[in-house]
Amino acid sequence: MGWNSWDCFGTTVTEAEVLANAQVMHDKLLASGWDTVVVDIAWYDPTARSHGYNTDAPIVLDDHGRQLPAPNRFPSAADGAGFRPLAAAVHDLGLKFGLHIMRGIPRRAVELDLPVLGTEWTAREIADPEHVCAWNPDNLGLNHDHPGAQAYYDAQVAQFAAWGVDFIKADDMLAPYHDREIAAYAKAIERSGRDIVLSLSPGTHLSTHHLDHLRANAQMWRISDDLWDRWEDVHAQFARLARWAPFQQAGGWADADMLPLGHIGIRAERGDDRASRLTWDEQKTLLTLWVMGRSPLMMGGDLPTTDDETLALLANPALSELLTSSYDGREVIREPLDDGELIVWTARSQESAYVAIFWTGESARKVSVPLESLAAASGQAHDLWDGTSQPVTGHLEYDVPAHGVRWLKLSAAAS
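A.B. asks: How should the sheet that holds strand S19 (residues 389-392) be read in this particular structure?
C.D. replies: Paired through backbone hydrogen bonds, the strands of a sheet run either parallel or antiparallel to each other. Strand order in the open sheet formed by 6 strands is S14-S15-S16-S21-S18-S19, and the pairing between neighbours is antiparallel. Of all strands in the sheet, those bounded by a partner on one side alone are strand S14 (327-337) and S19. Across this sheet, the average inter-strand angle for adjacent strands is 25°, counted without regard to direction. Packing against the sheet, helix H10 (residues 280-292) makes contact with S14, strand S15 (340-348), strand S16 (353-359) and strand S21 (404-412), and its axis sits at approximately 50° to S21. Its contacts with the sheet put helix H12 (residues 317-325) on S14, S15, S16 and S21, and the angle it makes with S21 is roughly 65°.

Next up, the structure:
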């Protein structure tokens, strides 16, 4: 459960903005389980801009071709300090610090033919210009038939570990699926000696065929391309999470992507400065679906300028409760009804049963779900969003808003 700079600041986030978000997380969300702050892509580009990437950007590198934070955006990184001071400030707030990195080695390091730390090889010798990212120009691929490729990743991650990094979002790893890259990065983290979470992106057409390899090498993996504040993006995650939910387990989590909630688009890659275009009910649907499917939660909106109502949604203790204690989250009903689908998920904990009744239609609908189809008994149903409770016998009967959800915690009737 954390915050990532991408949805609000794209490639352009600054140190002051990271610290401001960390402070709000500490003050308003840490007690509800939110504890990680992530600086997304291009933190090494002093010329970063909204709505795209810079070709031939003058990215900041050390003498061994490893990216350094741009000092004009991260002043505490001056004189080679890197992210150590910023990570320390985040740690002082009781939070974890993360960063984004692209697969491969910087083009600029190859052009300068910089030496790979601790080896006799240079960047040009280990680069693979045939396997580059299709959507970002910063890097060339690495030739993993050359031992210098592993040495480069070892040196890069060792520097991240020395800075105090707790979370790495490694991008351009899954589409197509780069098995050798993933294994090499996992090995570099292991060799660093620091406990670092590895999160892989993006997840376009990610197949469960890769499950064993993913579990062996990473802790999180995306199951979609970037998700934005559009109902069609949220709706598409129902099927993806239903496919991945049976495989969720401690130490390896399918990730349904960031939460485009609150104040986003400030200097983003997509769209302009705005409040999330998802309706209030769609936002509740998104959060409920993510936690019923045990997806990690990474808030995308700027916390200091996001409205209090959205922050209250994020602070709902039921989110952390489901993520930390539930199991067997799964879709149990999906039925087309007129202009939408009735979709029902269930999950369990040692003490409780949970039910989420989703309605994807364009107008509200009264639905009735037999308790027997949920393997549930008569008792009390507590609504985890509005706090109300009601007795239930035989059926769960609720009015569900358009694109909305009724999220319930069930307790059996007293004997």
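A.B. asks: Before we go on, may I ask you to explain the environment of Gln 150 in this structure?
C.D. replies: Its location among the elements puts Gln 150 in helix H6 (residues 147-163). Taking the C-alpha atoms as reference points, Gln 150 and Ala 183, 33 residues apart in sequence, are found 9.8 Å from one another. Beyond its immediate sequence surroundings of up to four residues, Gln 150 is in contact with Ala 184, Lys 187, Ala 188 and Arg 191. Within the local environment of Gln 150, its side chain forms a polar contact with the side chain of Asp 154, the two groups lying 2.8 Å apart.

A.B. asks: For this particular structure, what's the right way to read the layout of surface pockets?
C.D. replies: Leftover empty space is mapped by rolling, across the atoms, a probe with the size of a water molecule. Size it by volume and the largest pocket reaches roughly 580 Å³. Around the largest pocket, the lining comprises 19 residues; the ones closest to its centre are Met 1, Asp 35, Met 220, Trp 253 and Pro 296. Taken together, the residues of the lining of the largest pocket break down into 9 nonpolar, 5 polar and 5 charged. Here the second largest pocket is characterised by a volume of approximately 270 Å³. Considering the residues around the second largest pocket, the lining is formed by 18 residues, among which Tyr 53, Trp 135, Pro 202, Asp 225 and Asp 226 are closest to the centre.

A.B. asks: For this particular structure, what's the right way to read helix H7 (residues 179-192)?
C.D. replies: An α-helix turns once every 3.6 residues. As a result, residues three or four positions apart point the same way. With 14 residues, H7 should reach 20 Å at 1.5 Å per residue; the first-to-last C-alpha distance of 20 Å fits that figure. Taken together, the buried positions of H7 are occupied by Glu 181, Ile 182, Ala 184, Tyr 185, Ala 186, Ala 188 and Ile 189. Structurally, H7 contributes buried residues whose contacts are with strand S3 (96-102), strand S6 (139-142), H6, strand S7 (167-171), strand S8 (197-200) and helix H8 (211-217). Immediately beyond the C-terminal end of H7, within one or two residues, lies Gly 193, with a positive phi of roughly 80°.

A.B. asks: Sorry, what's going on with empty space enclosed by the protein here?
C.D. replies: Counted according to the given criterion, the structure contains 2 cavities of 30 Å³ or more. Estimated volume of the largest cavity: approximately 100 Å³. Around the largest cavity, the lining residues are Asn 4, Val 38, Phe 167, Lys 169, Ser 199, Ser 201, Met 220, Arg 222, Asp 255, Asp 257, Met 258 and Met 298. Within the residue set of the lining of the largest cavity, elements represented by two or more residues are S7 and strand S9 (220-222).

A.B. asks: What should I look at first to understand the pairing of S14 in this one?
C.D. replies: Two faces, one strand: in a regular strand the side chains alternate between the faces of the sheet. Bridge analysis of S14 against S15 gives 8 bridges, and the strand direction is antiparallel. In the strand pairing of S15, Ile 333 is matched with Val 344. Connecting S14 to the next strand, S15, in antiparallel fashion are 2 residues, including Asp 338 with a positive phi near 55°.

Cut-offs applied
Residues numbered from 1 in each chain as written. Predicted model: local features only at pLDDT ≥ 70, side-chain atom pairs only at ≥ 80, totals over all residues. Heavy atoms only, no water. Pairing = 2+ DSSP bridges. Helix = DSSP H or I, 4+ residues; strand = E, 2+ residues; numbered from the N terminus. Axes fitted to C-alpha atoms, helices over the stretch in contact; angles between N-to-C directions. Contact = heavy atoms within 4.5 Å. Polar contact = N/O pair within 3.5 Å; in protein donor to acceptor, adjacent residues only side chain to side chain. 1 Å grid on protein atoms, 1.4 Å probe; cavity = no way out; pocket = protein on both sides within 12 Å on 5 of 7 lines; lining within 4 Å. Points joined across faces, edges and corners; volume = space filled by probe spheres on them. Nonpolar A, V, L, I, M, F, W, Y, C, P; charged D, E, K, R; others polar. Expected span 1.5 Å × (residues − 1). Buried < 20%, exposed > 50% of the residue type's maximum accessible area, 1.4 Å probe, protein only.

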